[in-house]
Amino acid sequence: MSNHKPVVVVTRKLPEPVETRMRELFEVRLNPDDHPFDRAELIAAVRDAEVLVPTVTDRIDAGVLSQSGPGLRLIANFGAGVDHIDLASARTRGITVTNTPDALTEDTADIAMALILAVPRRMQAGAKLLRTGAWGGWSPTGMLGHRISGKRLGVIGLGRIGQAVARRARAFGMAIHYHNRRRVAPEIEAELGATYWESLDQMLARMDVVTLHCPHTPATFHLLSARRLALLPRHAYLVNCARGEIVDEAALARMLARGELAGAGLDVFEHEPSVNPALLGLDNVVLLPHLASATHEGRIDMGEAVLVNIKTFTTGHPPPDRVVAAQL
């Protein structure tokens, strides 16, 4: 086995240093033009590959996996979220799934914090004034927003990224509150000065800003439903750098248009790459194209994590970032 180079199929173009290293280590099939694989290409990939390296743009569902060849034993996802992979089907077929959970923590937290700052200070509306030539100069009452110091931040999902966001927000003087499936360790709560809410509904009703950092699973689909969104105070802001499916996007757009919510900062959308047209015309929304982890350093770190997972697995050892469904 030491002389065998596993066949690795990569579905999207990765940073050049990562692809070069893959060529050195594996029998790799790359995607030089970076086109998203269609379903037929995904089926061909799982038939031929011993290791598949997909991204969030690939829907690896039960139908695709049912066509997998006997050689496929590892899906080494390039990214932290694995909601695009049918984990139950993979497990049934004896296929291990890994991800890259640590590589994008700080970059994602930076973008979340940027949105937490940008939305209350009306940066999107201000930039639009300048670009359209509508700005008439400084005014004592012009473009008034809200400071974030002293405000309550509700973090939904206080894992790696949620904690990184909380550390940044605390440095800006925000009070940290959180809802999690399980309460975090006392020392983490003490470090962050965090208040735990067992009831998500009760927390939402009291927050000034809410930021999402939980995975998308069947249990979290529309976790922020129309009913829960209505619990937020009218002055509250919502930030989402997790997955669009966690929020009822249509309900959110209606509330923002009616002034029932002060604003939102969104880096992810329910039907990516499509964006609800109702959101596009709103000045109280900052929209970003799923770029939370989009740094040169972060992408290379993600690629290196994929390499370590593949190399470890193919040498007969448990990969460090194996995904266990119960952890999600």
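As shown above, the structure is provided for reference.
The model shown is predicted, which means the values in this text are computed figures rather than measured ones.

## Some remarks on the state of the cysteines
In step 1: Throughout the structure, instances matching the rule amount to 0 disulfides.
In step 2: With no disulfide partner, Cys214 has as its closest neighbouring cysteine sulfur the one in Cys241, 12 Å distant.
In step 3: The exposure class of Cys214 is buried, given its relative accessible area of 12%.
In step 4: Look at Cys241 and you get buried, because its relative accessible area is 8%.

## Details of the side chain of Asp83
In step 1: Of note, Asp83 is situated in the loop between strand S4 (74-76) and helix H4 (87-92).
In step 2: Here Asp83 is in contact with Arg59, His216, Arg243 and Glu245, once residues within four sequence places are set aside.

## Quick word on the packing of helix H1 (residues 16-25) against helix H13 (residues 296-314)
Packed helix pairs are characterised by how far apart their axes lie and by the angle those axes make with each other.
In step 1: Between H1 and H13, whose axes approach to 9 Å, the crossing angle comes to 15°. By the angle class used here, H1 and H13 are roughly parallel. Between H1 and H13 lies a crossing of right-handed hand. The residues of H13 that touch H1, namely those facing Pro17, Val18, Arg21, Met22 and Leu25, are Ile300, Gly303, Glu304, Val306, Leu307, Ile310 and Lys311.

## Remarks on a nonpolar patch on the surface
In step 1: A cluster of nonpolar side chains, Leu130, Trp135 and Trp138, forms an exposed patch at the surface whose accessible area comes to about 460 Å².
In step 2: Judged by relative accessible area, which is 57%, Leu130 ranks as exposed.

## Description of the environment of His177
In step 1: One can find His177 in strand S7 (residues 175-179).
In step 2: You can call His177 buried: its relative accessible area is 9%.
In step 3: Spatially, the C-alpha atom of His177 lies 9.2 Å from that of Leu192, the residues being 15 residues apart in sequence.
In step 4: When near neighbours in sequence (up to four residues on either side) are disregarded, His177 contacts Arg152, Leu153, Gly154, Val155, Thr195, Trp197, Met203 and Met207.

## Regarding unusual backbone geometry
In step 1: Here the bond from Glu272 into Pro273 is cis, since omega is 5°, no more than 30 degrees from zero.
In step 2: As for its position among the elements, Pro273 is in the loop between strand S11 (263-266) and helix H12 (277-280).
In step 3: One non-glycine residue, Asp34, lies in the positive phi region at around 60°.
In step 4: On the secondary structure map, Asp34 appears in the loop between strand S2 (27-29) and helix H2 (39-48).
In step 5: Here His290, not a glycine, exhibits a phi torsion of approximately 50°, which is positive.
In step 6: Locating His290 in the fold gives a position in the loop between strand S12 (285-287) and H13.

## Structural notes on the packing of aromatic side chains
In step 1: Applying the stated criterion to the full structure yields 1 aromatic pair.
In step 2: Seen in terms of ring centroids, Tyr178 and Tyr196 are 5.1 Å apart; in terms of plane orientation they differ by 45°. Their pairing is tilted. Pair noted here: Tyr178 is in strand S7 and Tyr196 is in strand S8 (residues 195-196), with a separation of 18 residues, a long-range link. Here the two residues Tyr178 and Tyr196 agree in accessibility, since each one is buried.

## A short note on the sheet that holds strand S10 (residues 237-240)
In step 1: Sheet architecture is open: 7 strands sit in the order S8-S7-S6-S9-S10-S11-S12, paired in parallel fashion. The two strands at the open ends of the sheet, each matched to only one other strand, are S8 and S12.
In step 2: Bridge count between strand S9 (residues 209-212) and S10: 4 bridges; the pairing is parallel. What sits directly across from Leu212, in S10, is Asn240.

The rules behind these values
- Residues take numbers from 1 onward in each chain, read along the sequence in its written order.
- The predicted origin of the model limits local features to residues at a pLDDT of at least 70 and limits the giving and counting of side-chain atom pairs to 80 or more, whereas totals for whole chains, interfaces and linings rest on all residues.
- With hydrogens and water excluded, all non-hydrogen atoms of the structure serve as input to the side-chain values.
- Disulfides are defined as cysteine sulfur pairs within 2.5 Å.
- Partly exposed residues are those whose accessible area sits between 20% and 50% of the maximum for their type, while under 20% is buried and over 50% is exposed, using a 1.4 Å probe and protein chains only.
- Every helix listed is a DSSP run of H or I at least four residues long, and every strand listed is a run of E at least two residues long, numbered separately from the N terminus.
- It only takes one pair of heavy atoms within 4.5 Å for two residues to be counted as in contact.
- Every axis in this analysis is a line fitted to C-alpha atoms, fitted for helices over the stretch in contact. Angles between the N-to-C directions lie between 0 and 180 degrees.
- Each angle gets one of four labels, with under 35 degrees taken as roughly parallel, over 145 as roughly antiparallel, 65 to 115 as roughly perpendicular, and the rest as oblique.
- By the definition used in this description, the sense in which the near helix is turned from the far one sets the handedness, with an anticlockwise turn below a right angle giving left-handed and a clockwise turn giving right-handed.
- A patch consists of residues exposed above 30% relative accessible area that lack any salt bridge, with like charges linked at up to 9 Å and nonpolar side chains (Val, Leu, Ile, Met, Phe, Trp, Tyr) linked at up to 5 Å.
- Every accessible area reported is derived by Shrake-Rupley at a probe size of 1.4 Å, with residue values counting cover from the shown protein chains alone.
- The salt bridge criterion pairs a side-chain nitrogen of Lys or Arg with a carboxyl oxygen of Asp or Glu, the two atoms within 4 Å.
- In this scheme Phe, Tyr and Trp rings, the latter by its six-membered ring, pair at centre separations within 6.5 Å, and the angle between planes marks the pair as stacked below 30 degrees, edge-to-face above 60, and tilted otherwise.
- When DSSP finds two or more bridges between two strands, those strands count as paired.

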